[in-house]
Amino acid sequence: MKVIHIESGLGNQMLSYCEYLAMKEANPDDKCYIETIVYDIPECNDVICQWNGYELERIFHVSAPNIKEYFDDAEWRAIIRDIRDSQFWLRNWNYPVHFTNAFKAHGLELNNMRGDFEAPGAPHKTQLSTPAYKKTFAFLYLNLIRKKLSGRRQTVQANPSELFVSTPENVFTGQRLTFKNAGNEIERIDSAIRETFRFPALTHPRDLAFRDEIQSTESVAIHARYGDMMSFNFDCYFGGYFKRAVGYIKREIPQPRFYVFCDPTSVDWAKHHSSILGLDMRNDIVKFVNWNTGDLSWRDMQLISMCKHQVITRSSFGWWGAYLNRNPRKITCSPDSFTNTTHHF
């Protein structure tokens, strides 16, 4: 038995589901389950945002067996009670230890491949609300300098041996999020990925008109998550990444049209700071995409994937838009050399 943990927003859910596909590919005769407990515990959302909840079934009609089905109702209620009593979300998000302990207490012993997040030296996992002083330009700028002095942002290299694990053991894993990185042998499951992640047909007139426009031009999607991901992407905005990536596309692509995908609260910022994005509002053709929100936010990923080229940040949502792009001549840009895109800046 293999159990794959899934949490967070849509892009991360899709990456973890790839781990489920990899486990099935490596263990074709074993039973594989997904696990989605985090979405059933409201306290978790107060520590790490779970966005619109579990979306793979609603959007892509994913019907993978859930480990919940292995237990009867009374056992499952007891497992959830044990997990809530652990308050793992306040203990460095140490779900691997507390989830496997709860399963073991109710008859299912799994080898915890994700480790102990509370062990000495374990990286900090939780993402509490950023203190006000950490939102200042000075703090973020000094943090950028610190990163540059200590070398380029620490890489998380893909390790196929952690993703395609062939073992007779019962294991608990998932949420490594490294399938977006190069060197992970994603080609082994590419056909299954594209068969699974098929977006529903567009229906809204605005989306349909937009689709026709981006498919008939040299459309370039720029995924600009200025707000919630700033601590991860500060150097993209204020270290010149967008200028380098967009500048390269302008040199290589004739008559590009730029489509900036951002949440509604970031549109005004993006318009007033377009030069940070490498854009010239007087000479470039630029449009802003911000109408798909809430339960329809996933439509932006679909539209990003329909553009001919992509400029993304450190966001799994944007990465999926670039990966699912079927243009054989696509230019996909990211800020880190280990990310699975065609170019890095």
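The structure this text deals with has already been given above.
Given the structure is predicted, the values throughout are model-derived calculations rather than measurements. (Residues numbered from 1 in each chain as written. Predicted model: local features only at pLDDT ≥ 70, side-chain atom pairs only at ≥ 80, totals over all residues. Heavy atoms only, no water.)

On to helix H4 (residues 73-86), then. Relative to the 20 Å expected for 14 residues at 1.5 Å per residue, H4 spans 20 Å between its end C-alpha atoms, a close match to the ideal helical length. If you check which residues of H4 are buried, you get Trp76, Ala78, Ile79, Ile80, Ile83 and Ser86. Packing partners of the buried residues in H4 comprise helix H5 (95-105). By the N-cap criterion, in which a side-chain oxygen at the helix start approaches the backbone nitrogen of a residue two or three places on, H4 is capped by Asp72, the distance to Ala74 being 3.2 Å. Just past H4, the residue Gln87 takes up positive phi, approximately 50 degrees. (Helix = DSSP H or I, 4+ residues; strand = E, 2+ residues; numbered from the N terminus. Expected span 1.5 Å × (residues − 1). Buried < 20%, exposed > 50% of the residue type's maximum accessible area, 1.4 Å probe, protein only. Contact = heavy atoms within 4.5 Å. Polar contact = N/O pair within 3.5 Å; in protein donor to acceptor, adjacent residues only side chain to side chain.)

Turning to the layout of surface pockets, a few remarks are in order. Computed from the structure, the second largest pocket encloses a volume of approximately 320 Å³. In this structure, the second largest pocket is lined by 13 residues; those nearest its centre are Phe199, Ser305, Met306, Leu324 and Arg326. Counting residues per element, the lining of the second largest pocket draws most heavily on helix H13 (residues 298-306), at three residues. For the lining of the second largest pocket, the residue count by class is five nonpolar, five polar and three charged. (1 Å grid on protein atoms, 1.4 Å probe; cavity = no way out; pocket = protein on both sides within 12 Å on 5 of 7 lines; lining within 4 Å. Points joined across faces, edges and corners; volume = space filled by probe spheres on them. Nonpolar A, V, L, I, M, F, W, Y, C, P; charged D, E, K, R; others polar.)

Further remarks concern helix H1 (residues 10-26). Between the first and last C-alpha of H1 there are 24 Å, a value that for 17 residues agrees with the 24 Å anticipated at 1.5 Å per step. Most of H1 is tucked away, with 15 of its 17 residues classed as buried.

Moving on, we come to the sheet that holds strand S8 (residues 309-311). In a beta sheet, neighbouring strands are held together by backbone hydrogen bonds and run either parallel or antiparallel to one another. Strand order across the open sheet formed by six strands is S7-S6-S5-S8-S9-S10, with parallel pairing between neighbours. For this open sheet the edge positions go to strand S7 (285-289) and strand S10 (343-344), each flanked by a neighbour on one side alone. Bridging between strand S6 (residues 256-261) and S7 involves five bridges; their strand directions are parallel. The residue bridging Phe258 from the neighbouring strand is Val286, located in S7. (Pairing = 2+ DSSP bridges.)

Following the criterion strictly, the structure yields 18 salt bridges and no others. The closest approach of N and O atoms between Asp212 and Arg211, which form a salt bridge, is 3.2 Å. Overall, Arg211 belongs to the partly exposed group, its relative accessible area being 26%. Overlapping salt bridges, with partners in common, bring together Glu25, Glu185 and Arg188 in one network. (Salt bridge = Lys/Arg side-chain N within 4 Å of Asp/Glu carboxyl O.)

What you see with strand S4 (residues 171-174) is no split at all: Val171 and Thr173 on one side and Phe172 and Gly174 on the other are buried throughout. In this structure, strand S1 (residues 2-5) lies alongside S4, joined through four bridges in parallel fashion. By the bridge assignment, Lys2 is partnered in S4 with Val171. With two bridges joining them, strand S3 (residues 111-112) and S4 adopt parallel strand pairing. Bridging from a neighbouring strand, Asn111 pairs with Val171 of S4.

We now examine the packing of helix H9 (residues 205-215) against H13. In contact at an axis separation of 9 Å, H9 and H13 are set at 20 degrees when each is read in the N-to-C sense. Classed by the angle they form, the pair H9 and H13 counts as roughly parallel. Crossing geometry of H9 relative to H13 is assigned as right-handed. Of the residues in H13, those in contact with Asp207, Phe210, Arg211, Ile214 and Gln215 of H9 are Arg299, Leu303 and Met306. Split by residue class, the contact of H9 with H13 holds four nonpolar, one polar and three charged. (Axes fitted to C-alpha atoms, helices over the stretch in contact; angles between N-to-C directions. Parallel < 35°, antiparallel > 145°, perpendicular 65-115°, else oblique. Left-handed = near helix turned anticlockwise from the far one by under 90°.)

With that settled, the discussion passes to the packing of aromatic side chains. Across all of its chains, the model carries 31 aromatic pairs by this definition. Relative to Phe197, the ring of Phe60 lies with its centre 5.0 Å away and its plane at 55 degrees, an arrangement referred to as tilted. With Phe60 in helix H3 (residues 56-60) and Phe197 in the loop between helix H8 (190-196) and H9, the pair connects residues that are 137 residues apart, well separated along the chain. Pair check on accessibility: Phe60 and Phe197 agree, each one buried. Measuring from centroid to centroid gives 5.6 Å for Phe210 and Trp291, while their planes differ by 80 degrees, and the two rings are edge-to-face. (Phe/Tyr/Trp six-rings, centres within 6.5 Å; stacked < 30°, edge-to-face > 60°.)

Don't take any of this as a statement about function, it's just geometry.
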